[in-house]
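A structural walkthrough
Single-letter residue listing:
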Amino acid sequence: MLIGLAALLNPLAAGLATSLLLDWGLLAHGVVAIVGGGGPRSRQWIEVLRGLVAFLFGILVLFDPLAGAMSLAWALSFWLVVCAMVQIIDAVRSAQDRTWKLLMAAVDLLLGSFLLFSGPSEALAFLALAVGISFLFRGTYLIAMALAWRERPRT
């Protein structure tokens, strides 16, 4: 919840920070996959290839953070839309926490759709806003669930 609030207070810095975190994560994954994929098993070349792609994309993001932020924004938009669909299905199947699940699905669907159709500068700022709002709602949900769990009767 606190991370969501921080992202809402300074969205541009949070968007750039998110892009840089993506960059370092890709570079680290690339190096580990390349080093770890060189073993004798026959399918490890796929891991080396994945590592090379991740490392090269990490280099690209390092030199063009806006392109990395846009890629991350599009990936986040698809992720939010898919999460919304899964949450709707889960809410329909289960009566437990149906209201919360539908609320989170609506928020994720709205944020994901808006982010998908934003321009580059709006996407960078909105990336941080989407992360902040989503984390804020998820944090609130987790706090509500923890309080409900504490108040349940012990058997």
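Below: a short report on this structure. These numbers come from a predicted model, not from an experiment.

Cut-offs and rules
- Along each chain, numbering runs from 1 in the same order as the chain's sequence is written.
- With the structure being a predicted model, the display of local features is reserved for residues of pLDDT at least 70 and the display and counting of side-chain atom pairs for 80 or more, all residues being used for whole-chain, interface and lining totals.
- Think of the side-chain values as coming from all heavy atoms in the structure, minus any hydrogens and water.
- Strands here mean DSSP runs of E at least two residues long; helices mean DSSP runs of H or I at least four residues long; both are numbered from the N terminus.
- A radius of gyration in this sense is built from C-alpha atoms; the matching globule rule multiplies 2.2 Å by the number of residues raised to 0.38.
- Throughout, exposure labels follow a simple rule: accessible area from a 1.4 Å probe, protein chains only, divided by the maximum for the residue type, with under 20% read as buried, over 50% as exposed, and the rest as partly exposed.
- Contact criterion: two residues are considered in contact whenever any of their non-hydrogen atoms come within 4.5 Å of each other.
- Method for areas: the Shrake-Rupley scheme with a 1.4 Å probe, in which residue coverage is limited to the protein chains shown.
- The length a helix should cover is 1.5 Å for every residue beyond the first.
- Note that the bend at a residue is defined as the angle between axes fitted to the seven residues ending at it and the seven residues starting at it.
- Here an angle of 0 to 180 degrees is reported between the N-to-C directions of two axes, which are lines fitted to C-alpha atoms, with helices fitted over the stretch in contact.
- An angle below 35 degrees is read as roughly parallel, one above 145 as roughly antiparallel, one from 65 to 115 as roughly perpendicular, and any other as oblique.
- Handedness of each helix crossing follows the sense of rotation of the near helix against the far helix: counterclockwise by less than a right angle gives left-handed, clockwise gives right-handed.
- Only Asp, Glu, Lys and Arg are considered charged in this grouping, and only Ala, Val, Leu, Ile, Met, Phe, Trp, Tyr, Cys and Pro are considered nonpolar; every other residue, Gly among them, is considered polar.
- Aromatic contacts are taken between Phe, Tyr and Trp rings whose centres are within 6.5 Å, Trp giving its six-membered ring; a plane angle under 30 degrees counts as stacked, one over 60 as edge-to-face, and the others as tilted.
- Patches draw on residues past 30% relative accessible area with no salt bridge. Two like charges within 9 Å are joined, as are two nonpolar side chains (Val, Leu, Ile, Met, Phe, Trp, Tyr) within 5 Å.
- A pair is scored as a salt bridge if a Lys or Arg side-chain nitrogen falls within 4 Å of a carboxyl oxygen belonging to Asp or Glu.
- Remark: nonpolar core denotes a set of buried residues (Ala, Val, Leu, Ile, Met, Phe, Trp, Tyr, Cys) joined through side-chain atoms within 4.5 Å.

Concerning the overall build of the protein
In terms of regular secondary structure, the protein is built from 6 helices and 0 strands. Along the protein, helices (α) and strands (β) appear in the sequence α-α-α-α-α-α when read from the amino end. For 155 residues, the compact-globule estimate of 2.2 N^0.38 gives 15 Å, and the C-alpha radius of gyration of the protein, at 19 Å, exceeds that figure by more than 25%. Seen through its C-alpha atoms, the protein measures out along the principal axes to roughly 55 × 40 × 25 Å. Looking at the protein as a whole, 32% of its 155 residues are labelled buried. Considering only contacts within the protein whose residues lie at least 6 apart along the sequence, 71% involve residues at least 24 apart. Summed over its atoms, the accessible surface of the protein is roughly 9800 Å², and 76% of this surface lies on carbon and sulfur atoms.

What to know about helix 6 (residues 120-151)
Along an α-helix, a turn takes 3.6 residues, which lines up residues three or four apart on a common side. If you check helix 6, its first and last C-alpha atoms are 46 Å apart, about what 32 residues at 1.5 Å a residue would give, namely 46 Å. Along helix 6, the sharpest change in direction is near 30 degrees and occurs at Phe 126. Within the sequence span of helix 6, burial applies to Ala 123, Leu 124, Ala 125, Phe 126, Leu 127, Ala 128, Ala 130, Val 131, Gly 132, Ser 134, Gly 139 and Tyr 141.

Thoughts on the packing of helix 4 (residues 65-93) against helix 5 (residues 98-116)
As a packed pair, helix 4 and helix 5 sit with axes 8 Å apart at the nearest point and diverge in direction by 155 degrees. By the angle class used here, helix 4 and helix 5 are roughly antiparallel. Seen from above, helix 4 lies across helix 5 with left-handed handedness. Split into classes, the residues belonging to the contact of helix 4 with helix 5 amount to 18 nonpolar, 4 polar and 4 charged.

Here we look at the packing of aromatic side chains
For the structure shown, the criterion picks out 1 aromatic pair. When the centroid spacing of 5.9 Å and the interplanar angle of 55 degrees are considered together, the rings of Trp 100 and Tyr 141 count as tilted. Of this pair, Trp 100 sits in helix 5 while Tyr 141 sits in helix 6, placing them 41 residues apart in sequence. On the basis of relative accessibility, which here comes to 27%, the residue Trp 100 falls in the partly exposed class. Note on Tyr 141: relative accessible area 16%, which makes it buried.

Overview of a nonpolar patch on the surface
Judged by side-chain polarity, Leu 16, Leu 20, Trp 24, Leu 62 and Phe 63 come together as a nonpolar surface patch covering roughly 530 Å² of accessible area. Listed by contribution, the elements that provide at least two residues to the nonpolar patch are helix 2 (11-36) and helix 3 (44-63). The biggest single contributor to the nonpolar patch is helix 2, with 3 residues. As for its position among the elements, Phe 63 is in helix 3.

Points about the nonpolar core
Counting 13 residues, the largest nonpolar core has Leu 76, Leu 111, Leu 115 and Ala 130 as the members making the most contacts within it. Of all the secondary structure elements, the ones that give two or more residues to this core are helix 4, helix 5 and helix 6. Residues in contact with Leu 111, not counting those within four places in the same chain, are Leu 80, Phe 126, Ala 130, Ile 133 and Ser 134.

Nothing here speaks to function; it is all geometry.
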